[in-house]
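Spelled out from the first residue to the last, the chains are:
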Amino acid sequence: MLQEQEKARIGELAAPLIKNAAVVAFNGGTTTLAVARNLTDHRELTVATNNLSIPFEIPAHAVNNLYVFGGDVRFSSQVTIGFTSFPDVEVPGMVHFDIAIIGVGGVTTEGYSVSNLGEASMMRQMIRRSTTVVVVTDATKFNRHQFALVAPLNSAQHLVTDSPPPSDVQEALEAAGVRLHVDAPENEDLDA
């Protein structure tokens, strides 16, 4: 896994944003998996994901119910993409999350992006159906444009990362009202 230590620390920083008994959505990726691994102090979660690694790595005692979205399997990234298996999922309000933990492939002043259209669509559904959205990403993703735009910056309330973003991205995040959580001791004031 690339950026393994950074992603582990991002997982430690993001996990406390999830409350006990929350309904949580996780999209695919190793950074969201790092968050799931850090739920050791949590209880009574309902988890829904397209990340095929999460059912095997999330602490079992933390979860009451776990749902895996259906769809086509992308073996390279261990995710499902496509139509979800929830019944009546297109009925407004049928599926709702307290919080979505979203890993992305790129963060620019335009928004969050990934390399696959189907994945972007599924992530938009998770974001739309969530009260709170937490984007988790390592610093290598800043100012990186991916193929498919997922959502504008203001679609998330929190962004958790390992290093401060470049000034243009940081200013855009601040303007969008996104709270920045940074694992950088010399920049602890950014986590305000």
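## Things to note about the sheet that holds strand β9 (residues 130-136)
Part 1 of the reasoning: The strand order β3-β2-β1-β6-β9-β11-β12 describes an open sheet built from 7 strands, whose pairing is parallel. Of all strands in the sheet, those with a lone pairing partner are β3 (63-68) and β12 (179-182), marking the two edges. For this sheet, the mean angle separating the axes of adjacent strands, direction not counted, is 20°.
Part 2 of the reasoning: For strand β1 (residues 23-26) and strand β2 (residues 45-49), the ladder comprises 4 bridges, and the chain directions are parallel. Directly across from Val23, in β2, lies its bridge partner Thr46.
Part 3 of the reasoning: In this fold helix α2 (residues 30-37) packs onto β1, β6 (97-103) and β9, with an angle of close to 130° to the strand it touches most, β6.

## Quick notes on the nonpolar core
Part 1 of the reasoning: One finds Ile102, Val107, Tyr112, Leu159 and Leu173 to be the most contacted residues of the largest nonpolar core, which totals 31 residues.
Part 2 of the reasoning: Those elements giving two or more residues to this core turn out to be β6, β8 (111-114), α4 (117-128), β9, β10 (148-151), α5 (167-175) and β12.
Part 3 of the reasoning: Considering every element that reaches this core, the biggest residue donor is α4, with 5 residues.
Part 4 of the reasoning: One finds Ala22, Leu39, Ile54 and Val134 within the second-largest nonpolar core, a separate group that totals 22 residues.

## Points about α2
Part 1 of the reasoning: Extensive coverage of α2 is indicated by the burial of 6 of its 8 residues.
Part 2 of the reasoning: For α2, the full list of buried residues reads Thr31, Thr32, Leu33, Ala34, Val35 and Ala36.

Conventions and cut-offs
- Residues numbered from 1 in each chain as written.
- Predicted model: local features only at pLDDT ≥ 70, side-chain atom pairs only at ≥ 80, totals over all residues.
- Heavy atoms only, no water.
- Pairing = 2+ DSSP bridges.
- Helix = DSSP H or I, 4+ residues; strand = E, 2+ residues; numbered from the N terminus.
- Axes fitted to C-alpha atoms, helices over the stretch in contact; angles between N-to-C directions.
- Contact = heavy atoms within 4.5 Å.
- Core = buried A, V, L, I, M, F, W, Y, C linked by side-chain atoms within 4.5 Å.
- Buried < 20%, exposed > 50% of the residue type's maximum accessible area, 1.4 Å probe, protein only.

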